[in-house]
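# Geometric and topological summary
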Amino acid sequence: GENVEQHPSTLSVQEGDSAVIKCTYSDSASNYFPWYKQELGKGPQLIIDIRSNVGEKKDQRIAVTLNKTAKHFSLHITETQPEDSAVYFCAASRDSGYALNFGKGTSLLVT
Amino acid sequence: NAGVTQTPKFRVLKTGQSMTLLCAQDMNHEYMYWYRQDPGMGLRLIHYSVGEGTTAKGEVPDGYNVSRLKKQNFLLGLESAAPSQTSVYFCASSWGGSYQPQHFGDGTRLSIL
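The paragraphs below set out a description of the structure included in this document. Everything numeric in this text was worked out from a predicted model, so none of it was measured.

Thresholds applied
Residues numbered from 1 in each chain as written. Chains lettered and ligands numbered in written order. Predicted model: local features only at pLDDT ≥ 70, side-chain atom pairs only at ≥ 80, totals over all residues. Heavy atoms only, no water. Contact = heavy atoms within 4.5 Å. Buried area = accessible area lost by both parts, 1.4 Å probe. Salt bridge = Lys/Arg side-chain N within 4 Å of Asp/Glu carboxyl O. Polar contact = N/O pair within 3.5 Å; in protein donor to acceptor, adjacent residues only side chain to side chain. Helix = DSSP H or I, 4+ residues; strand = E, 2+ residues; numbered from the N terminus. Buried < 20%, exposed > 50% of the residue type's maximum accessible area, 1.4 Å probe, protein only. Pairing = 2+ DSSP bridges. Axes fitted to C-alpha atoms, helices over the stretch in contact; angles between N-to-C directions.

### Considerations on the interface of chain A and chain B
Across the contact, 21 residues belong to chain A and 22 residues belong to chain B. Taking both sides of the interface into account, the surface hidden between chain A and chain B amounts to around 1,800 Å²; carbon and sulfur atoms contribute 56%. K42 of chain A is paired through a salt bridge with D106 of chain B; the nearest N and O atoms lie 3.8 Å apart. Linking chain A with chain B are 4 residue pairs in polar contact (both at pLDDT 80 or more). Among the secondary structure elements, those contributing two or more residues to the side of chain A that touches chain B are β4 (30-38) and β5 (45-51) of chain A. The leading source of residues in the side of chain A that touches chain B is β4 of chain A, at 4 residues.

### Topic: the pattern of salt bridges
Residue and element names in this part refer to chain B. Under the defined criterion, the tally for this structure stands at 8 salt bridges over all chains. Note that D38 and R44 form a salt bridge whose closest N and O atoms lie 2.8 Å from each other. Each of the salt bridges in this network shares a partner with another, and the network as a whole consists of R36, D38 and R44.

### What about the pairing of β4 of chain A?
All names here are of chain A. Among the 9 residues in β4, 9 count as buried, and that is most of the element. With 6 bridges connecting them, β4 and strand β9 (residues 86-94) associate as antiparallel partners. Counterpart to K37 in the pairing with β9 is Y88. Bridging between β4 and β5 involves 6 bridges; their strand directions are antiparallel. Bridged to Y36 within β5 is L46. Hairpin connection between β4 and β5: a loop of 6 residues separates the two successive antiparallel strands, and G41 in this loop has a positive phi of roughly 80°.

### Looking at the sheet that holds strand β3 (residues 19-25) of chain B
Residue and element names in this part refer to chain B. Pairing is antiparallel in the open sheet, where 4 strands are placed in the order β1-β3-β8-β7. Only two strands of the sheet have a single partner each, and these edge strands are β1 (4-7) and β7 (65-67). Shown here is a sheet whose adjacent strand axes are inclined to one another by a mean of 20°, direction ignored. Both β1 and β3 contribute to a ladder of 4 bridges, which runs antiparallel. Along β3, the bridge assignment pairs T5 with A24.

Written out as structure tokens, the structure reads:
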């Protein structure tokens with residue numbers, strides 16, 4: 001089955017700096033890659049997603065890049081703010097599949 | 001719009017007891033999912049449903065059963081609770097499988113003593 005690895009497990013940045021979280025996946029058939037943000041006591045919320053036919057996608061301060069050859073994708077948050085502090089999860093799934101395979105999460109702290 | 005609502009929010013059980021977790025969505029989604037979240041493990045799929053009356057096993061189905069009698073509801077049952085099932089349980093729903101984002105509820109925190 002699909003194995004999604006996520007790094008780092010914890011990340012601390014100063015307000016205004018950028019944060020980068022990286023994920024790798026094992027199943028070359030995976031072609032949908034969402035990112036979720038989870039605040040304390042809440043469920044995960046989708047913040048951005050990318051399909052395999054796109055190399056990069058941006059939404060205001062958040063961007064995701066995908067390298068299908070290397071089987072890795074990354075989340076970039078620029079101009080970080082204290083409200084960006086949360087746990088972030090990457091995930092991957094196949095085109096015809098419906099199961100999301102999640103990474104183990106990155107706890108981001110912005111101070 | 002409520003989105004995905006999970007009931008109850010917290011529960012403490014004794015080993016061997018049974019209970020049912022309820023998930024309700026008001027978005028007319030076809031697909032529904034149950035995940036468990038454990039520290040350092042991310043989210044793991046327990047069971048899912050691709051439509052009313054259908055269910056299928058996910059990555060960690062043992063010890064759980066599910067039912068989808070109505071499109072808007074997805075029930076997760078523990079027949080004989082074990083301490084290893086102490087976890088936070090999340091329900092999610094989506095329009096379909098491919099490229100469709102999943103919308104999550106706020107979870108049920110379950111402790112089994």
